[in-house]
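Examining the three-dimensional arrangement
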Amino acid sequence: MNRTPPSGPHRPAILVALLTALSATVAGADDPALIEIREALALPGIGSGGRSPVHVDPVEARVVSGDWSMPQAGDEVMLPGDRSRAWQSVSANEDGWFQGRSLRGAYVAVEVESESDRVMILEAAGHSMVYVDGIPRTGDPYSYGWLRLPVALKAGRTPLLFSVGRGRLRARLVEPEKPLQLDASDPTLPDLVAGKPVESLAAVLVRNAATTPAADLTIEASLGDAEDSPREITPVPPLLPLSVRKVGFAVQSAEPVASGVETIPLVVRLVERSGDSHRVLDETRFDLGVRTPEQSRKQTFISGIDGSVQYYGLQPMTPGEADADQAPALFLSLHGASVEAIGQANAYAPKVWGHLVAPTNRRPYGFDWEDWGRLDALEVLEHAQASLGTDPSRTYLTGHSMGGHGTWHLGVTFPDRWAAIAPSAGWVSMWSYAGASRRDVPDGPAEVLTRAASPSDTVGLVENLGRNGVYVLHGDEDDNVPVSQARTMRAELGRFHPDFVYYERPGAGHWWGNECVDWPPLFDFLRGRSNPERSAVRRVDFTTASPGVSSRCDWVTIELQDQAFALSRVTIDHDPEARSFKGTTRNVSRLSIDLGHLESGEPVAFELDGEAIEAPCPDDAPAVWLARSGDSGGWGVVPEPDGASKGPHRYGAFKDAFRHRVVLVYGTVGSEEENAWALARARYDAETFGYRGNGSIDVIPDTAFDPAADPDRNVVLYGHADSNAAWSGLLGDGPVAVERGRLRVGAVDRERDDLACLFIRPRPGSERASVGAVSGSGIEGLRLSDRLPVFVSGVAYPDLTVIGPEVLAEGLEAVEGAGFFGPDWGVESGEIVWRDEAP
C-alpha cells in the first residue's frame, strides 16, 4: 500500500537519495534553470486497457479517489487476482532514458523540489500522460521530442507521475526563457510555387508559461529578410494558463515567387497589442521550400474539424501528357506509421494521367486512418478534387502498411468514392493487428460499448468492395505486417468478388523500396477502371455500421437503423425504364433513394422486403424517403425528415462531438476544486488532440460562451449542471441531468457522487451541430473521466456512457450504463442499458 512519507530528517533513505540525485542534476542547486530527472521509482506494467474504452488500473483508482501519494521503494500495489507489484528504484542511462521491458505499461514516479512556486517547461518523451501534482497533462508516446509543456511547481516538493506505455521515458524541466514564446519545433508549413503569388497558410506553436490567461496577441508573418516586407497580421486566440497551442496564420504576397531559389525566409513575430501600441514578444524564422509547378509540394488548408491548419502532399502529374478529352485522375495515397505525408508523395514518380495526393492522418501516427484520420482523408480528397479539377470517376485509393489498413477501411466504408483500391502491406482491422480486443459480450452495457466500435469492422463491410476493382500487394516475408493479413482479405474477396488481383512479392519484406507503393502493375490495374455515372448503376449492395460515418452509396442512403451501430444492409435493383426499385433491407428503419436521374411526372414503384409501394416522382425534391411504420413495421413513403431528428447529418456517437470547429467550454461556477478540474481537463483534451491530431481547439470559460455566436459549431462542456453556466442553455431541456451528487437519464436516477458521464446531444437551434458533455456527479466522478481514451483510434463510446470507479478494478463488465438515443434523440425511443438491468 502507498503511504505518505514522513517529512524532516526522518524521511526514508530512498527519498533522500532521490532528492540528492535531483539536486545534483540542478548544477549543485546553483542553476535552478535545469532539472534532469535521472532517478525515480517505477511500478512495472499493471495496465490492462490497450484499445479499450475502460481499463483496469489500481494506481489511477488511487488518483481518482484523491488518496494517491508519493510511494517508497518496496511499496506494493494489489492487482486483480490477488497479484501484486512493487515500486522499485530505477536510474536513467547516460542518454537520460529510463528504459526496459519492465517499463512497458508502467508508472514512473518522482518528486521535484523547488524553493518557491514557479513555472518550468516539462520536456519529456515516451509517456502517454503525466500527472503533475495530480493534474493531467498530455504525453509524447511516440517520442517525437518536441512536446514542451509549461507546468507549475510548488514550493517544496511536486510529485510527477508518468504513465509509460512503450518501455522508455526521458524527462527534464527547464526554466522558460519568457512567459509568452513561439516554439519552432513543430510547425505546419506550405511550400511555395515559383512564378506564382503566395496565398497560403501556416501554423506555429505558441506557449503561455504564465499561470494566467493571455489575450490581445497577434502573429505577424512576412516573407523575405527585408525589414519593410509586408506583414500579414493574424489574431491569436486567447491562450489558457500553462498551455501550448498551434496557431494558424496567413502567408501572403502579391509578388510572384522568384524562380531559381530553393527557399524563401518566413519571419514570424508574436506581438502583444494594446490600443495603437504593440510590443514584439518573440520572433522566429522558417525557410519555406520553393518548388516548380512540376515538383512535389506541401499544400495547406483549414480543417473543418477544428479550424486548424493542415497540409497534404501533392505529386503533380506530368504536364501536357494527359488525355486531351479527360480531366486528370486522382490517386489518394495513405502513408504508414511514422511517415510524413510529403514523404509518401515523394515515394511516387509523377504520373502522366493523374495527380497523387497524400493526406496526413493528422499526424505521422495519427488515428490509423480511422476517426479523425478518416475525416482528414475525406477533407483532403474534397480539397484536392476542387483545386486540381480531377475526374471524379477516376479517383483511386492506395496506401502502405498503416495506410494499407486505411485503404481497406476507407475502401469498405465509402465504396462509391473509388474506382478501385490498392492496399500494400496493409493490416485488416484493429482486432486483427492493432491490439484491440473484440470480446464476445452478449448483452448489457459492455455489449453496447463493444458495438459502438463497429465502424472499424473491415471484414463485416468487405462486400461493399464488390463494385470496386481491388489490387492487393504484400511481401511474403513481411516481418512487420504478416502476410496472413493479406491472405485473410484474399479469402474474403474470393467469396464474392469478380475483379481483384492478389500479388505476393517473393522474398519481399515490409518495405522493399518505392516499388512497394509505386508498383507499375498496380497502376496499370487502376488505369483500367473507372466509376460509373450514378444514373448507370443498376444495383446497389451496401452495408454501413453507422449512417453518421457512412450513409450513401450511389443513389441509396441509409438514414436510420433499427439497432444503432449494428451492421445495416440494403440490396436494391433498379430498372430505370420500368421506373422501379426492388430489394431487401436489414437493420434499416429509414432510407432515401435519389431520383435525380429520372424524369419527373410518372410514379415510381418500390418493393422493399416484399412490400410494394408506389410514389409520385417529386418535382421539388431530389429524393423519396421511405420508412418503416412504428406500428406495423411495414414500409411507406414519408416526408423528408427535419434536421432535428437523427440522420446522417447528426447521428452520434460521442466522438462526433469533436468536429464542426468544436469549442471546449469549461465550468467556472462550481466549487474551487470542480472549477480547477474543468479548466485542467479541457486543457488536457485540447493539448492531447493537438499532439495526436495536430489540432488547434478553442477553449473558453462558460462566462465567455455566447450561444448565439456560431450556432452551428459543436460544443463540449466540462463540468455538470451546478458547475458549468452554459449547461442549462445547451442541455437543460434534455433527458440527461448531471448534478452534484446525482445523475438522471430519463427515469433512471442515481444518487452517487462518483459517477463519470460522457454523452452527446443535438445543439439547440442547429440542425447539424452537437453538444458533448464530459461530466461527473462529483469530483471523484469528474476525475474518473480524465483518462478515458477518447482520442485513441479503435476506441469508441456510444451516445451515452456512465461509469463508476468500479471499472478501474473490474473493467468493461463494471460499466454502469451505456446506450444510444432514439431517432428523436429520446431515451424511451432509444436503447440505454444499465448494469443492474442486464440479464
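Up top is the structure.
The structure contained in this document is the topic of the report that follows. (Residues numbered from 1 in each chain as written. Predicted model: local features only at pLDDT ≥ 70, side-chain atom pairs only at ≥ 80, totals over all residues. Heavy atoms only, no water.)

Each helix and strand in the chain was counted, giving twelve helices and 50 strands. Taken over the C-alpha trace, the chain has a radius of gyration of 28 Å; the compact-globule value for 839 residues is 28 Å, and the two agree within 12%. Structurally, the chain occupies a C-alpha span of about 95 × 75 × 65 Å along its principal axes. Split into buried and exposed, the 839 residues of the chain put 58% on the buried side. Expressed as a percentage of contacts within the chain between residues at least 6 apart in sequence, the contacts between residues at least 24 apart total 71%. Element-wise, carbon and sulfur atoms account for 47% of the exposed surface of the chain, whose accessible area totals about 31,700 Å². Each charge class in the chain can be summarised by its mean position, and for the 77 positive and 118 negative side chains these summaries are 3 Å apart. (Helix = DSSP H or I, 4+ residues; strand = E, 2+ residues; numbered from the N terminus. Rg over C-alpha atoms; globule rule 2.2 N^0.38 Å. Buried < 20%, exposed > 50% of the residue type's maximum accessible area, 1.4 Å probe, protein only. Contact = heavy atoms within 4.5 Å. Areas by Shrake-Rupley, 256 points an atom, 1.4 Å probe, with all protein chains shown as cover. Lys, Arg positive; Asp, Glu negative; His and termini not counted. Charge placed at Lys NZ, Arg CZ, Asp CG, Glu CD.)

Once that is clear, we can look at the packing of aromatic side chains. Tallied over the entire structure, the rule returns 30 aromatic pairs. Seen from their ring centres, Phe367 and Trp372 are 5.2 Å apart, and the 55° between their planes marks the pair as tilted. Trp372 matches Phe367 in its accessibility class, with the two residues each being buried. The interplanar angle of 15° and the centroid separation of 5.0 Å between the aromatic rings of Phe565 and Phe820 together place this pair among those described as stacked. A residue pair is termed long-range when its members are at least 10 positions apart, and Phe565 in the loop between strand E32 (556–560) and strand E33 (568–575) and Phe820 in strand E49 (residues 817–820) qualify at 255 residues. The class for Phe820 is buried, based on a relative accessible area of 2%. (Phe/Tyr/Trp six-rings, centres within 6.5 Å; stacked < 30°, edge-to-face > 60°.)

This next bit is on the sheet that holds strand E47 (residues 770–776). Reading across from one edge, E41-E40-E42-E47-E46-E48-E49-E50 is the order of the eight strands in this open sheet, with mixed pairing throughout. A strand with exactly one partner marks an edge of an open sheet, and here the two such strands are strand E41 (698–701) and strand E50 (831–834). The sheet shows a mean angle of 15° between the axes of neighbouring strands, taken without regard to direction. In this sheet, strand E48 (residues 800–803) lies alongside strand E46 (residues 756–762) in antiparallel orientation, the contact comprising four bridges. Residue pairing across strands places Cys757 opposite Val802, the latter belonging to E48. The sheet strands contacting helix H6 (residues 444–451) are E48, E49 and E50, and the helix crosses E49 at an angle near 45°. Seen against the sheet, helix H9 (residues 672–693) touches strand E40 (663–666), E41, strand E42 (715–718) and E47 and runs at an angle of roughly 160° to E40. (Pairing = 2+ DSSP bridges. Axes fitted to C-alpha atoms, helices over the stretch in contact; angles between N-to-C directions.)

Between the first and last C-alpha of helix H5 (residues 402–413) there are 16 Å, a value that for twelve residues agrees with the 16 Å anticipated at 1.5 Å per step. Counting buried positions over the twelve residues of H5 gives twelve, a clear majority of the element. Where H5 is concerned, the buried positions are Met402, Gly403, Gly404, His405, Gly406, Thr407, Trp408, His409, Leu410, Gly411, Val412 and Thr413. (Expected span 1.5 Å × (residues − 1).)

Taken in spatial order, the six strands make up an open sheet running E5-E2-E7-E12-E9-E10, and their pairing is antiparallel. Looking at strand neighbours, the two that pair on one side only are strand E5 (88–91) and strand E10 (135–138), the edges of this open sheet. Taking each pair of neighbouring strands and ignoring which way they run, the sheet shows an average axis angle of 30°. Across four bridges, the pairing between strand E2 (residues 39–43) and E5 is antiparallel. Counted as the bridge partner of Leu41 is Ser89 from E5. Across the sheet, H9 touches strand E9 (127–132) and E10, and the angle it forms with E10 is around 10°.

Along the chain, the position of Thr395 falls in strand E26 (residues 395–400). The class for Thr395 is buried, based on a relative accessible area of 0%. A distance of 3.4 Å separates the side chain of Thr395 from the side chain of Gln385, its partner in a polar contact. If sequence neighbours within four positions are ignored, Thr395 has contacts with Leu330, Leu381, Gln385, Arg417, Trp418, Ala419 and Ala420. (Polar contact = N/O pair within 3.5 Å; in protein donor to acceptor, adjacent residues only side chain to side chain.)

Before going further, it helps to spend a moment on the side chain of Ser401. Here Ser401 shows up in the loop between E26 and H5. For Ser401, the residues in contact, after removing those within four places along its chain, are Gly336, Ser424, Ala425, Gly426, Trp427, Val481 and His510.

Counting residues in each nonpolar core, the largest one holds 81 residues, and the members touching the most others are Phe658, Leu664, Leu717, Tyr718 and Phe759. If we skip the residues at most four places from it in the chain, Leu664 touches Phe658, Ala682, Asp685, Ala686, Ile697, Asp698, Val699, Ile700, Val716 and Tyr718. Core analysis: the next-biggest nonpolar cluster, separate from the first, contains 37 residues, Leu330, Trp418, Ala434 and Val481 among them. (Core = buried A, V, L, I, M, F, W, Y, C linked by side-chain atoms within 4.5 Å.)

A word on the pattern of salt bridges. What the rule picks out here adds up to 55 salt bridges. In this structure, Arg713 and Asp698 form a salt bridge, with 2.9 Å as the shortest nitrogen-oxygen distance. Residue Arg713 is found in the loop between E41 and E42, and its partner Asp698 is found in strand E41; the two are separated by 15 residues along the sequence. Arg752 is the partner of Glu816 in a salt bridge, and the nearest nitrogen-oxygen pair spans 3.6 Å. (Salt bridge = Lys/Arg side-chain N within 4 Å of Asp/Glu carboxyl O.)

Residue placement: Gly693 occurs in helix H9. Residue classification places Gly693 among the buried positions, given a relative accessible area of 0%. When the C-alpha atoms of Gly693 and Gly610 are compared, they prove to be 47 Å apart, with 83 residues separating the residues in sequence. The contact partners of Gly693, leaving out residues within four places of it in the chain, are Gln310, Arg362, Arg363, Phe367 and Thr688.

Moving on: the environment of Leu526. Considering the arrangement of structural elements, one finds Leu526 in helix H8 (residues 520–527). A C-alpha to C-alpha distance of 35 Å links Leu526 and Tyr691, two positions 165 residues apart in sequence.

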